[in-house]
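Notes for the structure review
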2 protein chains.
Amino acid sequence: MAAKKKTQFAILGLLSWKPMSGYDVKKLVDVGLSHFWNENYGQIYPTLDRLVADGLATKKSDHASGKRRRFVYTITRKGKKAFRTWIEAPTDAPIVRNELQLKFFLSSGLPAIDSVRLIKQHQGAQRAALAEYRHSEAVLREALQNDAVSDELDELMTMTGTDSQSRKKQLNTFYLTLRHGIHIIEARLAWCEEAITSLGADLANTET
Amino acid sequence: MAAKKKTQFAILGLLSWKPMSGYDVKKLVDVGLSHFWNENYGQIYPTLDRLVADGLATKKSDHASGKRRRFVYTITRKGKKAFRTWIEAPTDAPIVRNELQLKFFLSSGLPAIDSVRLIKQHQGAQRAALAEYRHSEAVLREALQNDAVSDELDELMTMTGTDSQSRKKQLNTFYLTLRHGIHIIEARLAWCEEAITSLGADLANTET
DNA sequence: TCAGACATGTAAGTCGTTACATGATTCA
DNA sequence: TGAATCATGTAACGACTTACATGTCTGA
């Protein structure tokens, strides 16, 4: 029939940390999961309502005291159970749609110089991403070593609802998740170097 | 409104090598692009018809001489132009949906031992994939060095319609594409090691 | 003969993106 | 006062997956 409703579990997992709104969900996904996951409002709000319909979460208006209207979703016991079941179920292999690789593969009939141009653009984007990740890595590493979070991190920790006991564990999870992103980007950059060298040799052979 | 019709260009790119059927398209995608792309029949056949409707390809019955019924699609001049335009257009960043990373990130509230189990399963799957890739790598490397393709490869080269002049270039593209997959899998495995070590230290700290 | 590969297609349902629509609050 | 951020949602349109449906040919 159809796919696996992973959006539901992703949101359920975030709610298992702390009750939050659709807006909070979006922000946390963007900040914490962006290099291997993404969700958008068009998915999030309907999914939250569905979670409620399925009894996995409850919806409460948090509109009091002259504040903005805001709906906070809280995971139920049934929701926690469903989340645990999902965690323990077999995990699908990573799904990747890499347009650069697709273009590179398909453009084998074109001059090598075109492929090199393609790869160099990609290389630039990956280097920029790496620089950002390296910054976050430094911030997290410092927090882990000094056992004290910076202002920058404090907001994130508040959003996740982490209490002080589990803070270090949560930080380490963030750190390791980021390390995964760094490993992947470095792998892509290593490939760029290798491919450019290989195609450069081609160019030298055919053009001299 | 909606997404970018990359399936169309992926198929167009394959047709730019050689006229082929929907079945051929599926096989080539599975063999050559599987670690960074996938298509299925439910996409392929409608897309091929759409390509024809848009004047980017033509459809011919290849049903003669007691053979099976078979429809072969041929790229048109307009199709080639559209393909070139796509190649030269800005390339989207890779899109990844990594369920393992998602689970790992979300399960930070669970005991470290659960995370370790999760990662070890993933590690096993990645090791198996690496072994397969290593085999293909050896086959391709040999073909490149000896300038002679094995039987195993010959079928692939026939499918792609490569003539003898561009054969070496085509082989090198296959090789580099595969190298990308190997870089990525190695990065994932390196992360697994790192994460298990880190979580192992946690376990030692909290359980002794 | 019979399994496996060849070959084409549809139906149903979900996923996912983008644009649109609307409005409140905060802070410089 | 006006830009940025907070906040919620819908509509339209593809994209994507899976199961189903059907039939042929080849080679062990």
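Structural notes, computed from the coordinates. Predicted model only: the values in this text are computed from it and were never measured.

With that out of the way, let us pick up the pattern of salt bridges. Two side chains of opposite charge can pair, provided their charged atoms sit close to one another. Under the definition given, this model contains 32 salt bridges over all chains. The partner of A:Asp114 in a salt bridge is A:Arg117, with the nearest N and O atoms 2.7 Å apart. Here A:Arg117 and A:Asp114 lie together in helix α6 (residues 112–146), a separation of 3 residues that amounts to about one turn. On the accessibility criterion, A:Arg117 (43% relative accessible area) is partly exposed. With a shortest N-O distance of 3.4 Å, A:Glu193 and A:Arg127 are connected by a salt bridge. Remark: A:Arg127 occurs in helix α6 and A:Glu193 occurs in helix α8 (residues 167–207); sequence separation between them is 66 residues. Owing to a relative accessible area of 44%, A:Arg127 belongs among the partly exposed residues under this scheme. In this structure, a network of salt bridges that share partners links the residues A:Arg134, A:Glu137, A:Arg141, A:Arg179, A:Glu186 and B:Glu194.

Okay, the relation of the copies chain A and chain B next. Between chain A and chain B, the superposition needs a rotation of 180° and an axial shift of 0.0 Å, giving an RMSD of 0.0 Å. Here the copies are linked by what is in effect a two-fold axis. Minimal C-alpha distance to the rotation axis in chain A is attained by A:Val96, lying at 2.3 Å. When the interface residues of chain A are mapped onto chain B, 100% of them again fall at the interface, so both copies present the same face.

Another point: the protein's contact with DNA strand D. Neighbouring DNA strand D are 29 residues, the closest being A:Tyr23, A:Phe71, A:Arg97, B:Lys5 and B:Asn40. For DNA strand D, the fraction of protein-proximal atoms (within 4 Å) that sit in sugar or phosphate groups is 70%. Separating a phosphate oxygen of DNA strand D from a side-chain N or O atom of A:Arg97 is a distance of 2.3 Å. Elements represented by at least two residues in the surface near DNA strand D include exactly α2 (22–32), α3 (41–53) and β2 (71–75) of chain A together with α3 (41–53) of chain B. Grouping the constituent residues of the surface near DNA strand D by class yields 9 nonpolar, 9 polar and 11 charged.

Residue and element names in this part refer to chain B. Between helix α1 (residues 6–15) and α3, the least distance of the axes is 10 Å, while the angle of their chain directions is 75°. Accordingly, the angle class assigned to the pair α1 and α3 is roughly perpendicular. Within the contact between the two elements, α1 uses Thr-7, Gln-8, Ile-11, Leu-12 and Leu-15 and α3 uses Gln-43, Ile-44, Thr-47, Leu-48, Arg-50 and Leu-51. Each residue belonging to the contact of α1 with α3 can be placed in one class, and the counts come to 6 nonpolar, 4 polar and 1 charged.

All right, on to helix α5 (residues 99–106) of chain B then. Residue and element names in this part refer to chain B. Most of α5 sits out of view: 8 of its 8 residues are buried. Listing the buried residues of α5 in full gives Glu-99, Leu-100, Gln-101, Leu-102, Lys-103, Phe-104, Phe-105 and Leu-106. Near the N-terminus of α5, the side chain that reaches the backbone nitrogen of Leu-100, with its oxygen 3.1 Å away, is that of Asn-98.

What follows concerns a nonpolar patch on the surface. A cluster of nonpolar side chains, contributed by A:Tyr23, A:Tyr41 and A:Tyr45, occupies part of the molecular surface with about 320 Å² of accessible area. As for its position among the elements, A:Tyr41 is in helix α3.

This part covers the environment of B:Ala143. Residues and elements named next belong to chain B. Summarising the element assignment, Ala-143 is placed in helix α6 (residues 112–146). Once the C-alpha coordinates of Ala-143 and Leu-171 are considered, the two residues, 28 residues apart in sequence, prove to be 7.9 Å apart. Look past the residues within four positions of Ala-143 in its chain and what remains in contact with it is Ala-148, Val-149, Leu-153 and Leu-171.

With that out of the way, let us pick up empty space enclosed by the protein. The full count for this structure, using the stated rule, is 2 cavities of 30 Å³ or more. Taken as a whole, the largest cavity spans an internal volume of roughly 60 Å³. Lining the largest cavity are 10 residues, with A:Lys169, A:Thr173, B:Phe104, B:Ser115 and B:Leu199 positioned closest to its centre. Here the lining of the largest cavity gets 4 residues from one element, more than from any other, and that element is α8(A). Its residues assigned to classes, the lining of the largest cavity comprises 3 nonpolar, 5 polar and 2 charged.

A separate point is the interface of chain A and chain B. Every contact between the two is made by 67 residues of chain A and, on the other side, 67 residues of chain B. Between chain A and chain B the total buried area reaches about 6,500 Å² when both faces are included, carbon and sulfur atoms providing 61% of it. It is A:Arg97, A:Phe105 and A:Leu106 in chain A that bury the most area against chain B; as a group they hold 13% of the surface buried on that side. For the pair chain A and chain B, the interface holds 8 salt bridges. Among the ionic pairs, B:Arg97 bridges to A:Glu39, the shortest N-O distance being 3.2 Å. In this assembly, chain A and chain B are joined by 36 residue pairs in polar contact (both at pLDDT 80 or more). Of all the secondary structure elements, the ones that give two or more residues to the side of chain A that touches chain B are α1 (6–15), α4 (77–88), β3 (95–97), α5 (99–106), α6 and α8 of chain A. Counting residues per element, the side of chain A that touches chain B draws most heavily on α8(A), which supplies 20 residues. Within the side of chain A that touches chain B, the residues separate by chemical class into 32 nonpolar, 20 polar and 15 charged. Where β3(A) lies against strand β3 (residues 95–97) of chain B, 3 bridges are found, and the strand directions are antiparallel. Paired with A:Ile95 across the strands is B:Arg97, a residue of β3(B).

Enumeration over the complete set of coordinates arrives at 16 aromatic pairs over all chains. Taking the centre distance of 5.3 Å and the plane angle of 20° together, the rings of A:Phe105 and B:Phe174 count as stacked. Here B:Phe174 lies in helix α8 (residues 167–207) and A:Phe105 lies in helix α5, a pairing that spans two chains. For A:Phe105, a relative accessible area of 2% corresponds to the buried category. Of the residues examined, B:Phe174 reaches a relative accessible area of 7% and is grouped as buried. Ring centres of B:Phe9 and B:Trp86 lie 5.3 Å apart, and the angle between their planes is 5°; this geometry places the pair in the stacked category.

The rules we used
- Residues numbered from 1 in each chain as written.
- Chains lettered and ligands numbered in written order.
- Predicted model: local features only at pLDDT ≥ 70, side-chain atom pairs only at ≥ 80, totals over all residues.
- Heavy atoms only, no water.
- Salt bridge = Lys/Arg side-chain N within 4 Å of Asp/Glu carboxyl O.
- Helix = DSSP H or I, 4+ residues; strand = E, 2+ residues; numbered from the N terminus.
- Buried < 20%, exposed > 50% of the residue type's maximum accessible area, 1.4 Å probe, protein only.
- Least-squares fit on C-alpha atoms with pLDDT ≥ 70 in both.
- Contact = heavy atoms within 4.5 Å.
- Near = heavy atom within 4 Å.
- Polar contact = N/O pair within 3.5 Å; in protein donor to acceptor, adjacent residues only side chain to side chain.
- Nonpolar A, V, L, I, M, F, W, Y, C, P; charged D, E, K, R; others polar.
- Axes fitted to C-alpha atoms, helices over the stretch in contact; angles between N-to-C directions.
- Parallel < 35°, antiparallel > 145°, perpendicular 65-115°, else oblique.
- Patch = residues over 30% accessible without salt bridge, like charges linked within 9 Å, V, L, I, M, F, W, Y side chains within 5 Å.
- Areas by Shrake-Rupley, 256 points an atom, 1.4 Å probe, with all protein chains shown as cover.
- 1 Å grid on protein atoms, 1.4 Å probe; cavity = no way out; pocket = protein on both sides within 12 Å on 5 of 7 lines; lining within 4 Å.
- Points joined across faces, edges and corners; volume = space filled by probe spheres on them.
- Buried area = accessible area lost by both parts, 1.4 Å probe.
- Pairing = 2+ DSSP bridges.
- Phe/Tyr/Trp six-rings, centres within 6.5 Å; stacked < 30°, edge-to-face > 60°.

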